[in-house]
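Descriptive analysis of the structure
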Amino acid sequence: SALLEITSISIAQLHATERQLATLQVFERNPKLPLVYIVDWGSMDRDCGLLQTMLLKTNIGFSDPLVLLDFSASVRQTKCLFLQDYKRVKYTKRSVVEKRYYDATFNWIYPGRIMENEEGDDDAATVHYSPLVLRESFVDLMHNVTTTATSNSSSSTNNTKTLDRTIDFLFNWKPGDNAHFGFLRRLVADKVQSLGGNVTSFAGSDEGYVRAMLQSKIVILAQRDEWEGHYRLFEAMASGALVLTDPMIAMPPFLKNGTNLVVYRNLKELKRYIRYYLTKKGGAKKRQRIAQNGYATVMGRHRTWHRMEEIIFGKA
């Protein structure tokens, strides 16, 4: 861009042979522009050695900005000692909630807490929260489906407003999910299915997954038992459906309960919200308003470039 150049580096690509390390390309720099290196970071001790090897084999200087971007579900914080020699290092993580778990005594989630962090002016000592983004692959699929359904080719038009939503409510995992970290999901699925109505479950991330959400009035989300955050949240909001989600203690910026999504704190609330937004007087109109607020918030605040602006420049 006119402001800077960016090179992205994936640690996964560095796990292989010396030959691959030797062929890592760094394009010719424009000396008039700052260069930012963004490293796909897994916060694992072994990655320190790989990163150090890579830095030694390239012309990355001690004053060049390095952003270590960790989009994994782990709350590990790995800070490489050798990076103390680098003057401009920034750590970002999407998973900042620790000790979350399913409490069998109360049949609900213990929410955990925000992980300890070193606050200060020194970026190298502080881990910055960087939530997940709305994946562009989902946006492309959604655009293909909605433009076909509405015969509208404009990529800037919100076609989710006029879709015929024939599914009352949907949840995005397999019913009876016995996967690890899935106790809450099983509990929610059982409750939802007991309510009757036109309910659908869909697990996946292909065009069928997109179509199912675009046909749904309400999308019900439940996070994994032991970590917060998932791509489904922004994708469900972008679909134009009303999103009901279990609580988050590190809610992404600009998301507000009752304004652009609805948070249920127990199964009783979930049942009440579903019935209200589907059948009660005024519920449908309010459902549509919150759903469209959700669409606008995600499309206007949580695309890939919004997150990159936050990471590199501060707040978008």
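Residues numbered from 1 in each chain as written. Predicted model: local features only at pLDDT ≥ 70, side-chain atom pairs only at ≥ 80, totals over all residues. Heavy atoms only, no water.

1. Some details on the nonpolar core
Selection rule: Joining through side-chain atoms within 4.5 Å is the link that ties buried Ala, Val, Leu, Ile, Met, Phe, Trp, Tyr and Cys residues into a set, and such a set is a nonpolar core. Relative accessibility decides the category of a residue: with a 1.4 Å probe and only protein chains considered, values under 20% of the type maximum give buried, values over 50% give exposed, and everything between is partly exposed. Each helix is a run of H or I in the DSSP string that is no shorter than four residues. Each strand is a run of E no shorter than two, and both are numbered from the N terminus. Whether two residues touch is decided by their heavy atoms; if any such pair falls within 4.5 Å, the residues are in contact.
L134, F138 and L233 are the most contacted members of the largest nonpolar core, which totals 27 residues. Contributing elements (two or more residues each) for this core: α3 (136-150), α5 (207-214), β12 (216-221), α6 (231-238) and α8 (283-301). When neighbours within four sequence positions are excluded, L134 is seen to be in contact with V139, F234, E235, A238, V298, M299, H302, R303 and T304. In terms of nonpolar packing, the next biggest core, distinct from the first, is built from 23 residues, I218, I220, Y273 and Y277 among them.

2. A short note on the state of the cysteines
Applicable threshold: In this description, the term disulfide denotes a pair of cysteine sulfurs within 2.5 Å.
Evaluated as defined, the whole model comprises one disulfide. The partner cysteine of C48 in its disulfide is C80, sulfur to sulfur 2.1 Å. Residues C48 and C80 share a disulfide whose torsion about the S-S bond is about -85 degrees; that sign makes it left-handed. Taken together, the positions of C48 in helix α2 (residues 45-56) and C80 in the loop between β3 (66-70) and β4 (89-93) put the pair 32 residues apart, joining distant regions of the chain. In this pair, the class of C48 matches that of C80, namely buried.

3. So, the confidence of the model for the protein
Detailed reading of the predicted coordinates is not advisable wherever pLDDT falls low. This is how the line gets drawn: pLDDT: the predictor's confidence for each residue, scored from 0 to 100.
Overall, the predicted model of the protein reaches an average pLDDT of 84, with 83% of residues at or above 70. Note that pLDDT drops below 50 for residues 14-23; the model gives that stretch eleven contacts with residues more than four away or on any other chain.

4. What to know about the side chain of D225
Inclusion rule: Residues counted as positive are Lys and Arg, residues counted as negative are Asp and Glu, and His and the chain ends are not counted. Should a side-chain nitrogen of Lys or Arg be within 4 Å of a carboxyl oxygen of Asp or Glu, the pair is scored as a salt bridge. Whenever two N or O atoms come within 3.5 Å, that pair is a polar contact, provided that in protein one can donate a hydrogen and the other can accept it, and provided that, for residues adjacent in sequence, both atoms are side-chain atoms.
Summarising the element assignment, D225 is placed in the loop between β12 and α6. Here D225 is buried and forms no salt bridge, its nearest opposite-charge partner R100 lying at an N-O distance of 5.7 Å. In terms of polar contacts, D225 uses its side chain to reach the backbone amide nitrogen of L184, at 3.1 Å. In this structure D225 touches R100, Y101, Y102, I109, F181, G182, F183 and L184, once residues within four positions along its chain are discounted.

5. Digging into the sheet that holds strand β14 (residues 262-263)
To keep things clear, this is the line we draw: In this analysis, strands are considered paired if DSSP registers two or more bridges between them. Only the stretch in contact is used when fitting a helix axis, every axis being a line fitted to C-alpha atoms; angles between N-to-C directions are given from 0 to 180 degrees.
As summarised here, the arrangement of the five strands in space is β11-β10-β12-β13-β14, forming an open sheet in which the pairing is parallel. Each edge of the sheet is formed by a strand with only one pairing partner; in this case those strands are β11 (199-201) and β14. Sheet analysis places β12 next to strand β13 (residues 242-245), joined by four bridges and oriented parallel. Residue pairing in the sheet places I220 in a bridge with L244 of β13. Here α5 sits on the sheet in contact with β10 (167-171) and β12, set at roughly 115 degrees to β12. Packing against the sheet, helix α7 (residues 267-279) makes contact with β10, β12, β13 and β14, and its axis sits at approximately 170 degrees to β12.

6. Observations regarding the packing of aromatic side chains
For clarity, the threshold we go by: Ring pairs are drawn from Phe, Tyr and Trp, using the six-membered ring of Trp, whenever the two centres fall within 6.5 Å, and their geometry is named by plane angle: stacked under 30 degrees, edge-to-face over 60, tilted for the rest.
In the structure shown here, the tally under the stated rule is nine aromatic pairs. Ring plane angle 70 degrees and centroid distance 6.2 Å describe the contact between W108 and Y264, whose orientation is recorded as edge-to-face. Of this pair, W108 sits in strand β7 (residues 108-110) while Y264 is found in the loop between β14 and α7, placing the two residues 156 residues apart along the sequence. As far as burial versus exposure is concerned, W108 and Y264 are alike and both buried. Seen from their ring centres, F138 and Y209 are 5.9 Å apart, and the 70 degrees between their planes marks the pair as edge-to-face.

7. Observations regarding the side chain of T160
In this fold, T160 is placed in the loop between α3 and β10. Look past the residues within four positions of T160 in its chain and what remains in contact with it is M142, R165, L214, A238, S239, G240, Q292 and Y295.

8. Looking at the packing of α8 against helix α9 (residues 304-313)
A pair of packed helices is characterised by two quantities: the angle between their axes and the separation of those axes. Spelled out, the test is: For this classification, under 35 degrees means roughly parallel, over 145 means roughly antiparallel, 65 to 115 means roughly perpendicular, and everything else is oblique.
Close contact between α8 and α9 brings their axes to 6 Å; oriented N to C, the two are set at 55 degrees. Taken together, the axes of α8 and α9 lie oblique to each other. Residues M299, G300 and R301 of α8 lie in contact with α9, whose contacting residues are H306, R307 and E310.

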